[in-house]
Amino acid sequence: MSEAKVIVVGNEKGGAGKSTLAIHIVAALLEAGRQVAVIDLDLRQKSLARFFASRRAWLAANNQTLPEPVMADLGDGAALARAGEDEQMARFEEAFQAAQSAEYIVMDTPGGDTVLSRAAHGRADLIVTPMNDSFVDFDLLGHVDPVTLDLLKPSIYSETVWEARKQRAIANAAKGQTGTIDWVVVTNRLAVFEARNRRRLEERMAKLAKRVGFRMGPGLRDRVIYRELFPFGLTVADLSEQVQPVEISLAHVSARQELRSLMLALGLAEGARLDDAA
């Protein structure tokens, strides 16, 4: 049996849309018939874990069935957050081993640098980094000159990924293996703002991508559809004639196409098979 493909959704800034992105990646893979395990490393908030708990409750209450992931539980997140790093890592290793029966392991990480986040990045085959369409979020990836806006150097999160890649290279060499961590940065929650500012940001992103080695891809727009389905533990990938907690509209079709484009950009074509019709 081949090892599970590990997908880590990471960004050290809060509010970039990591959990929303992780939820939709999992849902699209499940819709494609893949076996997916989930590890929620945001110990205090646990949005990913709560989302799939809501999914189970909604399905049971409405006598419906949908594919569900394996939840590799870390236990009491708040208590674990107060524990020492050794205990946190021991629990992580247990959860990670429990998830190995799946084809994919998707890990959501907190907004910040933690021992668990670093461990997850080191295990990743694919790192997906959402960022809002602004220089505020870009600052975690790269620093720019405040006068000219020229790219100066990679920033703290780029260094985190570089360190994860270095550790992966060392581990692969010890096993006689090759390969590196694929890194995709997606622009989430696109806003409508002055075109010159967006062009400036895109130019710096392209330069930084060449310098630190990431690919750029489309993210998920700031749609009401995503928010209104969240309380039910559902996504646009789950909608059908039987599963319709909200009224279906053309906006849902657009959102499904958007999710398909995201999965294709991530190299997860098997999770991009979303029918146009819900």
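The preceding data block contains the structure.
Residues numbered from 1 in each chain as written. Predicted model: local features only at pLDDT ≥ 70, side-chain atom pairs only at ≥ 80, totals over all residues. Heavy atoms only, no water.

> How should unusual backbone geometry be read in this particular structure?
One non-glycine residue with positive phi stands out, namely Lys46, at about 50°. Using a relative accessible area of 18% as the deciding quantity, one classes Lys46 as buried. Positive phi values are uncommon outside glycine, yet Asn63 reaches one of about 50°. Within the element layout of this structure, Asn63 appears in the loop between helix H2 (47–61) and strand E3 (70–71). (Buried < 20%, exposed > 50% of the residue type's maximum accessible area, 1.4 Å probe, protein only. Helix = DSSP H or I, 4+ residues; strand = E, 2+ residues; numbered from the N terminus.)

> How should the sheet that holds strand E9 (residues 215–218) be read in this particular structure?
Sheet strands associate in pairs through backbone hydrogen bonding, adopting either a parallel or an antiparallel arrangement. Taken together, seven strands build an open sheet; the order of strands is E3-E2-E4-E1-E5-E8-E9 and the sheet is parallel. Two strands lie at the open edges of the sheet, namely E3 and E9, each paired on one side alone. Bridge analysis of strand E1 (residues 5–9) against strand E4 (residues 104–108) gives five bridges, and the strand direction is parallel. Residue Val6 lies in a different strand from E4, and its bridge partner there is Ile105. Sitting on the sheet, helix H5 (residues 115–123) is in contact with E1, E4 and strand E5 (126–132), with an inclination near 140° to E1. Lying on the sheet, helix H7 (residues 156–175) is in contact with E5 and strand E8 (182–188); it crosses E8 at an angle near 155°. (Pairing = 2+ DSSP bridges. Contact = heavy atoms within 4.5 Å. Axes fitted to C-alpha atoms, helices over the stretch in contact; angles between N-to-C directions.)

> So what exactly am I meant to see when it comes to the nonpolar core here?
Across soluble globular proteins, nonpolar side chains have a tendency to be buried as a group. Judged by nonpolar contacts, the single largest core of 41 residues is most densely connected at Ile39, Ile105, Met107 and Trp183. No other element matches helix H8 (residues 195–212), which puts five residues into this core. Excluding its chain neighbours within four sequence positions, the residues that come into contact with Trp183 are Ile127, Thr129, Leu141, Tyr157, Ser158, Val161, Arg165, Val212, Gly213, Phe214 and Arg215. Grouped together as the second largest cluster of nonpolar side chains are 36 residues, Val9, Ala28, Val106 and Tyr226 included. (Core = buried A, V, L, I, M, F, W, Y, C linked by side-chain atoms within 4.5 Å.)

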